[in-house]
Amino acid sequence: MAAFFADPVYMILLTGALVAAAGSLVGTFLVLQRNSMLSDAISHSIVFGIVVVWLLTKAQSGPLQIAGAAMTGVLTVFLTEIVARTRRVKRDAAIGLVFPVLFATGVLLLNLYARDIHIDTHTVLLGEIGFVWLDTMTLWGWEIPQAVIWMSLVTLVNLLFVLAFYKELKIATFDRQLAAALGLAPTLLFYLLLGLTSITAVAAFDAVGAVLFIAFVIVPPATAYLLTDRLSLMLLFAVVLGVAATLCGYPLAVAMDVSVGGTMAAMTGVFFLLAFLLSPRYGLLGHWRNRRLKVSG
Amino acid sequence: MLALLGDYTVQNVLLGATLLGVVSGLLGSFAVLRQQSLMGDALSHAALPGVCIGFLITGTRHLGWIMAGALTTSVIAALFVQLVVRYSRIKTDAGLGIALSVSFALGVMLLTWIQGMPNASQGGLDTFLFGQAAATRRQDLWFMGGVTLLAVLLVMGLWKQLKLVTFDPLFAGSIGLPVVRLESILTAMIALAVVVGLQMVGVVLMTAMVIAPAAAARQWVSRLEHMILLSMFMGVISGVVGVLFSATVPHLATGPVVVLAASALVAVSLLLAPGRGMLWSWFALWRERRAIGQRQMLTTLYKLAQHHNDPHYPVERSMLDSFYGVATDPILRRLHERGFIAPASHMRVEGRHWALTDAGYSEAEKVLEQLGMATEESA
């Protein structure tokens, strides 16, 4: 077991798989609610939270960072809703107005106060999954990479959230009015979901950075959406596809000697493209076949 | 400050910022009005692989080729989003997210591949992530100016069609305009703004430059022509302010400063723009509330007067307080200032009383008439 945790390859694969699994669990609901781009807004603006917490406490990871980032993520969504509610700008513009402010502020703070340190602007965007095994913590006598510990916890929390509120999430996603009428508090659930997305983003931050994280949240669920109509299957497919993308991405990245995180994220895109072309019911192939059937029938 | 303006580098940078403001203000106006703000986000991230491909073609940081590469991959991303949304059940938000994250991932792969190459001039490619305005050279400006000119000419040439497609695509289709093609052109043109911003703001924050100037300008004016001109102006202002500020403070990346300047303009516009500004509507709401309070008070006094068959019937303030559940003194004082009520004494031992004046009596009748509650019926 100790050898398992000491092996960089296993740790990189495990971290990647956990990022993909945790991201897909929340991402499925974001994609179905047509709020995919909120994950983009959140993952950019948590940079602000991470930098502020780091400046105040010098903590680079751990519970403080996670709490700070969760607050920043929820704040982003909250501010976006406020701007949209003025009805002076449309919702899409509101998203695009709020997160760049937080992100730009975070980057400027880094420029000013953290020039020669671990978190530079490069890592902020790209992450360094190749180095996650360097930063370890002793737990039950094993040296375990911090990223693995935090990602496991977050994945577990996301899984428990989805299992515990499966029915509520399902109703709130497909029929928000009904959920409200049944007293299921869809707004609270919405903010919980986005809070979990933020927590996932910050736990995954060291590994994949702010932008690549979006690929693990949106692309596997969107791929699964092309393959099934059942929510439970969509969740399962999304997790499996996300994990598969990270597992395929790693050897490819090593073979080409390029960014591991980038290749893992790009592989989710390859899977999507395959589903988009070949999915029997919802892909281009299905589209084309249905049209032919209609013409001949 | 003047010495700064005379500096050759600063002149270049200012010219670049001006071009960026013009092109992003122009094309952003269409994007914001067509609710395609986040397309700017996706397209700017999608420029990254193009930047790398442009570099790979020439082996140097030649801005012309880099812009050409970025333009190509951005337009491909835009077409990808349209294709996916049209031919599958994927909605626009997910389509944008996929295009954004996957093309950025490809860009990261290329970026690390280039960094692994034995080539001295590969350094500094990642300045395109956040922009590096200070590195702008005179020859770069020709490319940026050329793209800006192209955008301006395209919009001027297709002005009527683009305007119609933006505001009423159904009508545009009914009179035989090629709506889908025009919409694709407008979407792809966002990529033109993105590539002009590469050097100045970088790929990650260009999204704000597409949205912010246009969203700010929209608050002040309602005609498309005016909105575009104002949004260009705001784009130029935020570009110039951002560039000058980041040039005076060491170590600041230009992109974030430009973006914060543009966002500040949005905040000011949302609050202060005449007609649409939040401050004005809060003020109007407050005045309306106050007027309603006064009208309510007048009718209450009027009804009491009618009930007692005395047009100047004195009413005690504390009774009104408990009737309304709030302190009515401010309302009463303002009615007194307007000459609608006057202090009156009822019994000397008791508190302040108020009675309607003749003017107040007829004002109350007017209010009730406006509300459709004629005096005869209520009497």
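The structure displayed is predicted, hence computed values, not measured ones. Within every chain, residues take consecutive numbers counted from 1 along the sequence as written. Lettering of chains starts at A and numbering of ligands starts at 1, both following the order in which they are written. Residues qualify for local features only when their pLDDT is at least 70, as the model is predicted, and side-chain atom pairs are given and counted only at 80 or more; totals for whole chains, interfaces and linings, by contrast, use all residues.

Draft legend 1. Quick peek at the overall build of chain B. For the purposes of this entry, the term helix denotes a DSSP run of H or I that reaches at least four residues, the term strand denotes a run of E that reaches at least two, and both are numbered from the N terminus. Assigned secondary structure in chain B consists of 18 helices and 3 strands. Radius of gyration here uses only the C-alpha atoms, and the compact-globule reference equals 2.2 Å multiplied by the residue count raised to the power 0.38. At 31 Å, chain B has a C-alpha radius of gyration far larger than the 21 Å of a compact globule built from 379 residues. If one aligns the C-alpha atoms of chain B with their principal axes, the spans along those axes are about 100 × 55 × 35 Å.

Draft legend 2. Expanded view of the overall build of chain A. Each helix and strand in chain A was counted, giving 13 helices and 2 strands. Residues with at least 20 neighbouring C-beta atoms inside 10 Å of their own are called buried, those with 12 or fewer are called exposed, and the rest are partly exposed, where every C-beta is derived from the backbone. For chain A, buried positions account for 54% of its 297 residues. The contact rule is simple: place each C-beta atom from the backbone, and if two of them lie within 7 Å, those residues are in contact. Residue pairs in contact within chain A that sit at least 24 positions apart in sequence constitute 70% of those at least 6 positions apart.

Draft legend 3. Structural context of the nonpolar core. For this entry, the nonpolar core is defined as buried Ala, Val, Leu, Ile, Met, Phe, Trp, Tyr and Cys residues connected by C-beta atoms within 7 Å. Formed by 208 residues in total, the largest nonpolar core has its most connected members in Val23 and Val195 of chain B. Residue contributions to this core peak at 26 residues, all from helix H10 (residues 186–225) of chain A. In this view, Val23 of chain B contacts Val147, Thr148, Ala151, Leu192, Ala193 and Val196 of chain B; residues no more than four positions away in its chain are not counted.

Draft legend 4. Molecular detail of helix H10 (residues 179–197) of chain B. Residues and elements named next belong to chain B. The span you would expect from a helix comes to 1.5 Å times its residue count less one. Taking 1.5 Å as the rise per residue, H10 with 19 residues should run 27 Å; its terminal C-alpha atoms sit 28 Å apart, in good agreement. Taken as a whole, H10 has its buried residues at Leu186, Thr187, Met189, Ile190, Ala191, Leu192, Ala193, Val194, Val195, Val196 and Gly197. Check the buried side of H10 and you find it contacts helix H2 (8–33), helix H3 (37–58), helix H4 (63–87), helix H7 (138–157), helix H8 (159–167) and helix H11 (206–220).

Draft legend 5. Spatial organisation of the packing of helix H11 (residues 231–256) of chain A against helix H12 (residues 260–278) of chain A. Residue and element names in this part refer to chain A. Axis angles are defined between N-to-C directions and span 0 to 180 degrees, where every axis is a line fitted to C-alpha atoms and, for a helix, only to the segment in contact. In contact at an axis separation of 7 Å, H11 and H12 are set at 130° when each is read in the N-to-C sense. One way to sum up the angle between H11 and H12 is to call them oblique. The two elements H11 and H12 cross, and the hand of that crossing is right-handed. Residues Leu241, Gly242, Ala245, Thr246, Cys248, Gly249, Tyr250, Leu252 and Ala253 of H11 lie in contact with H12, whose contacting residues are Val260, Thr263, Met264, Ala266, Met267, Thr268 and Phe271. Roughly parallel means an angle under 35 degrees; roughly antiparallel means over 145; roughly perpendicular covers 65 to 115; every other angle is labelled oblique. Less than a right angle of anticlockwise turn of the near helix away from the far helix marks a crossing as left-handed, whereas a clockwise turn marks it as right-handed.

Draft legend 6. Structural view of the environment of Tyr250 of chain A. Residues and elements named next belong to chain A. Of note, Tyr250 is situated in helix H11. Overall, the presence of 22 C-beta atoms within 10 Å leaves Tyr250 in the buried class. A C-alpha to C-alpha distance of 29 Å links Tyr250 and Leu284, two positions 34 residues apart in sequence. Discounting chain neighbours no more than four positions away, the residues touching Tyr250 are Ile12, Leu13, Gly16, Val260 and Met264.

Draft legend 7. How the structure looks around H11 of chain A. An ideal rise of 1.5 Å per residue puts 38 Å on 26 residues; H11 of chain A measures up with 37 Å between its terminal C-alpha atoms. Just past H11 of chain A, the residue Asp257 of chain A takes up positive phi, approximately 55°.

Draft legend 8. Fine view of unusual backbone geometry. Residue and element names in this part refer to chain A. Here the phi dihedral of Arg87 falls at roughly 60°; this positive angle occurs in a residue that is not glycine. Turning to its location among the elements, Arg87 is positioned in the loop between helix H4 (63–85) and helix H5 (91–113). For Arg87, a count of 9 C-beta atoms within 10 Å translates into the label exposed. Of note, the phi angle at Ala185 is positive, near 50°, even though the residue is not glycine. Here Ala185 lies in the loop between helix H9 (176–181) and H10. You can call Ala185 partly exposed: it has 14 C-beta atoms within 10 Å.

Draft legend 9. Representation of the domain arrangement of chain B. Along its sequence, chain B is carved into domain 1 (2–207) and domain 2 (280–378). Bear in mind that the domain bounds are from an automatic or database domain assignment. Here the C-alpha centre of domain 2 of chain B lies 63 Å away from the C-alpha centre of domain 1 of chain B.

Draft legend 10. Structural view of the confidence of the model for chain A. Per-chain confidence: chain A averages 85 in pLDDT, with 88% of residues scoring 70 or above. For chain A, per-element mean pLDDT is lowest for helix H6 (residues 121–126) of chain A, which scores 63, and highest for H11 of chain A, which scores 94. Values of pLDDT, the confidence the predictor places in each residue, fall between 0 and 100.

Draft legend 11. Focus on the confidence of the model for chain B. Summing up the model confidence of chain B, the mean pLDDT is 85 and the portion of residues at 70 or higher is 93%. Across the interfaces of the predicted complex, the ipTM metric reaches 0.90, alongside a pTM of 0.83.

Draft legend 12. Geometry of the interface of chain B and chain A. If you look at the interface, chain B gives 52 residues, while chain A gives 54 residues. The set of elements that each furnish at least two residues to the side of chain B that touches chain A consists of H3, H4, helix H5 (92–115), helix H6 (127–130), H11 and helix H13 (254–272) of chain B. If one sorts the elements of the side of chain B that touches chain A by residue count, H5 of chain B sits on top with 15 residues. Amino acids outside the nonpolar list (Ala, Val, Leu, Ile, Met, Phe, Trp, Tyr, Cys, Pro) and the charged list (Asp, Glu, Lys, Arg) are all regarded as polar, and Gly is one of them. Looking at the side of chain B that touches chain A, its residues break down into 33 nonpolar, 13 polar and 6 charged.

Draft legend 13. Here's a closer look at the sheet that holds strand E3 (residues 353–356) of chain B. Residue and element names in this part refer to chain B. Strands qualify as paired when DSSP identifies two bridges or more between them. The sheet built from 3 strands is open, its strands ordered E1-E3-E2 with antiparallel pairing. The outermost strands of the open sheet, each flanked by one partner alone, are strand E1 (315–316) and strand E2 (341–344). Both E1 and E3 contribute to a ladder of 2 bridges, which runs antiparallel. Note on E3: the bridge partner recorded for Val315 is Trp354.

Draft legend 14. Fine view of the packing of helix H3 (residues 36–57) of chain A against H10 of chain A. Residue and element names in this part refer to chain A. One can describe the packing of H3 onto H10 by two numbers: an axis separation of 8 Å at closest approach and a directional angle of 90°. By the angle between their directions, the pair H3 and H10 is classed as roughly perpendicular. Contacts between H3 and H10 involve Ser36, Leu38, Ser39, Asp40, Ile42, Ser43, His44, Ile46, Val47 and Ile50 from the first element and Leu194, Thr197, Ser198, Ala201, Val202, Phe205, Ala210, Phe213, Ile214, Val217 and Ile218 from the second. Here the contact of H3 with H10 is composed, by residue class, of 14 nonpolar, 6 polar and 1 charged.

Draft legend 15. Spotlight on the pairing of E3 of chain B. Two strands pair when backbone bridges link them, and E2 of chain B and E3 of chain B are joined in this way by 4 bridges, in the antiparallel orientation. For Ala342 of chain B, the partnering residue across the bridge sits in E3 of chain B and is Ala355 of chain B.

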